[in-house]
Amino acid sequence: MVPEPRDSLSILIRRLRDAVRGDVRAREEVYDLRGVIRFVGIFSMTVLAPGLLLAWYGIQGIRAEQRAGAAEVAREADVAAESAVSEVGTYFQNFEDATLNRLKSGESLGVRLPELADSLRVVFRFDADGNLAGPFAREEIPPLEDQEMLLFTRQQEAFALFQRKEYQRSANTYAQAMREAHGDRALAAALVGRAGALLALGDIAGADSSYREVLQRYGDLRDIYGFRYGDLARLKMGESLLARNPVAGQSDLQGLVEELIGATWVIGRGGEAAVARRALDLTAPLADAEWLGRTRIRLAERSAALYHAERLLPDMDSLGAKGRLLKLSSGQFSYTRTDQALWAITWTDNDQYILGMDLRTLRARLLLIASRSTGTDADVKVEVADSNGMIGTDVLTRRSLSPWLPGWSMVVRPRYPAALALRQEEQVDRGRGIIMLSVLMIGIGALVSARLLQRELDAAAEKADFAAMVSHELRSPLTQIRVKAEALFLGVVTSEEGRSRDYGIIMRECERLSRMIDNILDFSAIRRGVKKYWIRPGDLALTVIRAVESSQVGMEMAGVEVELELPEDLPAVHHDPEAVAQALTNLLSNAAKYGQDAGWIGVRVWLVDQEVWVEVADRGIGIAPEEQKLIFSQYYRSNDPQARRRKGTGLGLTIVDYIMKAHNGRVSLRSILGSGTTFILHFPVRPPDATVER
Ligand code: ADP
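Residues numbered from 1 in each chain as written. Predicted model: local features only at pLDDT ≥ 70, side-chain atom pairs only at ≥ 80, totals over all residues. Heavy atoms only, no water.

A.B. asks: Describe the site of the ligand, naming the residues involved and giving the relevant values.
C.D. replies: Close to the ligand lie 20 residues; N590, D618, R637, S638 and T649 are nearest. Between K593 and the ligand, the recorded distance is 3.0 Å, taken from a side-chain N or O atom to an oxygen atom. One nitrogen or oxygen atom from the main chain of L653 is found 2.9 Å from an oxygen atom belonging to the ligand. Here the ligand loses 97% of its free accessible area of 520 Å² to cover by the protein chains. Given that more than half its atoms are within 2 Å of the pocket grid, the ligand belongs to the largest cavity. For the shell around the ligand, the secondary-structure elements that each account for two or more residues are α15 (577-594), α17 (652-662) and β17 (676-684). Of the residues contributing to the shell around the ligand, the split by class is nine nonpolar, eight polar and three charged. (Near = heavy atom within 4 Å. Polar contact = N/O pair within 3.5 Å; in protein donor to acceptor, adjacent residues only side chain to side chain. Areas by Shrake-Rupley, 256 points an atom, 1.4 Å probe, with all protein chains shown as cover. 1 Å grid on protein atoms, 1.4 Å probe; cavity = no way out; pocket = protein on both sides within 12 Å on 5 of 7 lines; lining within 4 Å. Sits in = over half its atoms within 2 Å of the grid points. Helix = DSSP H or I, 4+ residues; strand = E, 2+ residues; numbered from the N terminus. Nonpolar A, V, L, I, M, F, W, Y, C, P; charged D, E, K, R; others polar.)

A.B. asks: Give a description of the sheet that holds strand β9 (residues 397-400) that names residues and reports values.
C.D. replies: Read across the open sheet, the three strands follow the order β8-β10-β9; overall the sheet is antiparallel. Pairing within the sheet leaves two strands with one partner each, and these edge strands are β8 (380-385) and β9. Pairs of neighbouring strands in the sheet enclose a mean axial angle of 20°, with direction left out of account. In this structure, β9 lies alongside strand β10 (residues 409-414), joined through four bridges in antiparallel fashion. Its bridge partner lying in β10, T397 is registered against V412. (Pairing = 2+ DSSP bridges. Axes fitted to C-alpha atoms, helices over the stretch in contact; angles between N-to-C directions.)

A.B. asks: For unusual backbone geometry, give the residues involved together with the corresponding values.
C.D. replies: Along the chain, S402 connects to P403 via a cis peptide bond; the corresponding omega equals 5°. Within the secondary structure layout, P403 lies in the loop between β9 and β10.

A.B. asks: I'd love a proper account of the environment of T173, names of residues and values included.
C.D. replies: Mapped onto the elements, T173 comes out in helix α4 (residues 167-180). Taking C-alpha positions, T173 is 5.3 Å from A158, a pair spaced 15 residues apart along the chain. Leave out the neighbours within four places in its chain, and T173 touches R154, E157, A158 and L161. (Contact = heavy atoms within 4.5 Å.)

A.B. asks: Can you lay out the nonpolar core for me, pointing to particular residues and giving the numbers?
C.D. replies: By size, the foremost hydrophobic cluster in this structure holds 50 residues, and its most contacted members are I601, F679, L681 and F683. With nine residues, α15 is the largest single contributor of residues to this core. Lining this core are residues from two domains, each supplying at least three of them: domain 1 (439-500) and domain 2 (532-684). Apart from residues no more than four positions distant in its own chain, F679 is found in contact with L587, V614, E615, V616, I623, I631, F632, L653, V667, S668 and L669. (Core = buried A, V, L, I, M, F, W, Y, C linked by side-chain atoms within 4.5 Å. Buried < 20%, exposed > 50% of the residue type's maximum accessible area, 1.4 Å probe, protein only. Domains from an automatic or database assignment.)

A.B. asks: Go over the packing of aromatic side chains with me, naming the residues and quoting the values.
C.D. replies: All told, the structure shown has 10 aromatic pairs when counted by the stated rule. Aromatic pair F523 and Y635: ring centres 5.6 Å apart, planes at 70°, arrangement edge-to-face. Here the residue F523 occupies a position in helix α13 (residues 496-528), and Y635 occupies one in the loop between β15 (611-618) and α16 (641-644), the gap between them amounting to 112 residues. Through a chain of ring-to-ring contacts, the aromatic side chains of Y91, F92, F95, F333, Y335 and W404 assemble into a single cluster. (Phe/Tyr/Trp six-rings, centres within 6.5 Å; stacked < 30°, edge-to-face > 60°.)

The following block contains the structure:
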């Protein structure tokens, strides 16, 4: 259960108070709590905040990059769209200028005019009243009347005779048809037929006069197939003249062709085209090649224009009055769109023109413009979207093609959407990487901080343990001393033997007490870094003898015999006699403590290579191999129950190790569990490199 903040605060205050009063456990707990608070603070400041800040900056950077990338593409799209639309504007401007020039020059616009606009298929001209005035005409051909049907039978009869080469009878039958004829169409047809028969009979003058009559009286009349009788008459006259007078016939027929190409053609009929083609074929053998070629092209264009006019006429009709009534100031254009065509409407003087452009062709042209409005290495591409086109979702920008093509637009899309997406994905991945890295860093930071904190807490716990242990350890010799001293003082012990035993105990406990205090003070000095040794050349054997002597009384009382073995001759060894004596005392007292039952301690000094070894051996409980390294750690006490029974602070060997290191030497051990331990102090014979004082 997590305590309330107020509670935890009051707990902290209580523990602080207890700690000040000297409660070691409370102090430790306070240390724990403060440690956690410190951990949170340090961790936040050194790891969490920088980690988060780093991640935030990284992600901001990527976002900015993303925004910049998007802005770049958007800018490119804008430029492309702008350029495409302006190209289209130029295209239509050129078309308008050229169209007006052509219209003003009075040239026929009945033909397809690729130089105006490749999509321009047909031009309709209207007069001031809004009637179709050219270059096409709408003309209803009245159906055959009964009388005409009669004539038709007679004419067929005459034509059959003509084909059988019975020209005289054919001419007579045509003449009969003329007499029976009812209405202009019948008369004209019979006249033309009879002229043909006369021609075949060689009556050129008769034929000519008939043709002339047709030309004069029925020149503009059309037969039921849409042919003008005048054109048919001129063709026949020209043909016959060509046979008699080639130059004159040629000139007549060529004139006819020119006239027909420039004339108003009737929508839905191909009469003019057919007559002109026939006349052209007749003149071809003698005609100037250049004129012939040019004229054939013009005729073909005119025929194509007629074809388109027929196709687009229903669409134009659907414009209705709207198109025709549109009043524009001279020279301006208005555009309107139908299913098949874009219609450009304009006026010159009194006439109104409607120019029809095929939408499919126009679309192809606009696509070309679109594709040219960006480089091939651009990130975007421009497309044409017509009114039914699907726009889709990946559109970067879109510009309307009004006023030319209402409902149409130029659409800009990414050229390689996958590449764009990939780029964005990469950026997202990088963002994810930064976040993961930050989390990892924060995690590692947390781990390291926690480890450091744990170490501190462990140290604190150790200190608390030590304080508790020391107070307990000090108390037990003191109690012994006090009890025995009191007994002696009060004369409770009467026998001499008992009194001397009590004195012995008091002395031993005093010695133990002073050794403990020595160790504690030394250790605290070492910990604070203020411990100093006076290392100088001296007789190490003498130092050993003195240390053994000073422990002698305690040893004897404990029933331990110390066997000392010294070499004959020993070089001077750099050492601090007091410190070395303390190290030896610690080893001896350990040997006595943990090897008591055997009652023997061996001390040996000898020269090995460049070292002087001081060995302290016992035949006691021994040390388990896995503990042999640990015993030098501060406060470490063996887990062995036999060892645990003996009192101790866990500082003795730590100090020995420290002293030996200060002498540029070391301490080693050999031990067999259950049979004994030998500690060896290794002193280098050469003086230590460091200064004498440490
Ligand atoms: P203390 O003896 O006060 O516990 P030391 O640092 O002197 O502390 O010794 C550390 C531990 O090493 C002892 O607790 C004991 O378990 C073990 N030890 C030291 N000397 C001997 C020895 N001669 N024989 C067996 N065990 C020993």
